[in-house]
Amino acid sequence: MFGQKISTRRRILKASWVLMLNLLLWIIVPYYAGMFLSKWIPSSPITIPAFVYEFGIVLTILDVAAALTQGMAVSVPFISGAALVSALYLWMITNGGNLAVSAQGTSIVLGFQLLVYLLIVPSLWAAVKAPLSYLVHRRNMQPEVPSNPAPA
């Protein structure tokens with residue numbers, strides 16, 4: 001992952017692909033899903049277009065920056081940041097695992113905190129894995145020092 005020589009052309013192509021995919025997954029689909037769900041789950045942040053746009057733009061910027069800096073040390077904060085923001089996004093749209101649904105005057109509260117925790121764990125692991133893998137790469141790049149130096 002780190003230390004590989006990746007051409008600028010390849011990074012730009014990947015970044016443009018990531019940009020299109022993120023616009024679709026983090027802005028367009030959540031916007032229309034929020035408009036659809038606004039009748040039944042009016043208290044969810046996904047029903048607020050400004051929320052969808054703000055998180056979608058932040059996630060898109062972080063993912064595109066990570067793609068543009070792929071293979072470089074500067075990509076680590078972008079990768080970790082995107083993972084943390086996506087975990088926060090999931091936590092916020094599910095209201096921490098408590099979903100209140102109302103239809104025709106009847107309100108139901110669904111509690112699924114354990115499921116939300118299980119869905120957030122991969123994002124948190126990705127946020128931790130990026131700096132750890134960079135540290136391992138840096139450690140492997142250091143020259144080996146003999147444990148028993150030869151006497152002079």
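Each chain has its residues counted from 1, running along the sequence as written. The model is predicted, so local features are restricted to residues of pLDDT at least 70 and side-chain atom pairs to those at 80 or more, both for listing and for counting; the totals for chains, interfaces and linings are taken over all residues. Excluded from the side-chain calculation are hydrogens and water; included are all heavy atoms of the structure.

## Here we look at empty space enclosed by the protein
Grid points spaced at 1 Å over the protein atoms alone were grouped into cavities, where a 1.4 Å probe fits but cannot get out, and pockets, open sets with protein on both sides within 12 Å along at least five of seven lines, with lining residues defined by an atom within 4 Å of a point. Grid points are joined across faces, edges and corners, and a volume is the space filled by probe spheres set on the points. Applying the stated criterion across every chain yields a total of one cavity of 30 Å³ or more. In this structure, the largest cavity occupies an estimated 40 Å³ of space. Around the largest cavity, the lining residues are Ile 41, Ser 43, Ser 44, Pro 45, Ile 93, Thr 94, Asn 95, Asn 98, Leu 99 and Ala 100. In DSSP terms, a helix is any run of H or I states spanning at least four residues, a strand is any run of E spanning at least two, and both are numbered starting from the N terminus. Ranked by residues supplied to the lining of the largest cavity, first place goes to strand S1 (residues 98–103) with three residues. Class assignment of the residues belonging to the lining of the largest cavity gives a composition of five nonpolar, five polar and no charged. When residues are grouped by polarity, Ala, Val, Leu, Ile, Met, Phe, Trp, Tyr, Cys and Pro land in nonpolar, Asp, Glu, Lys and Arg in charged, and all others, Gly among them, in polar.

## Describing helix H3 (residues 75–93)
Between its first and last C-alpha atoms H3 spans 27 Å; for 19 residues at 1.5 Å apiece the expected length is 27 Å, and the two agree. Two residues form a contact once any of their heavy atoms are found within 4.5 Å. For H3, the secondary structure elements touched by its buried residues are helix H1 (8–37), helix H2 (49–68) and helix H4 (113–141). In the segment just after H3, Asn 95 is the residue with positive phi, at about 55°. An expected span of 1.5 Å times one less than the residue number is assigned to each helix.

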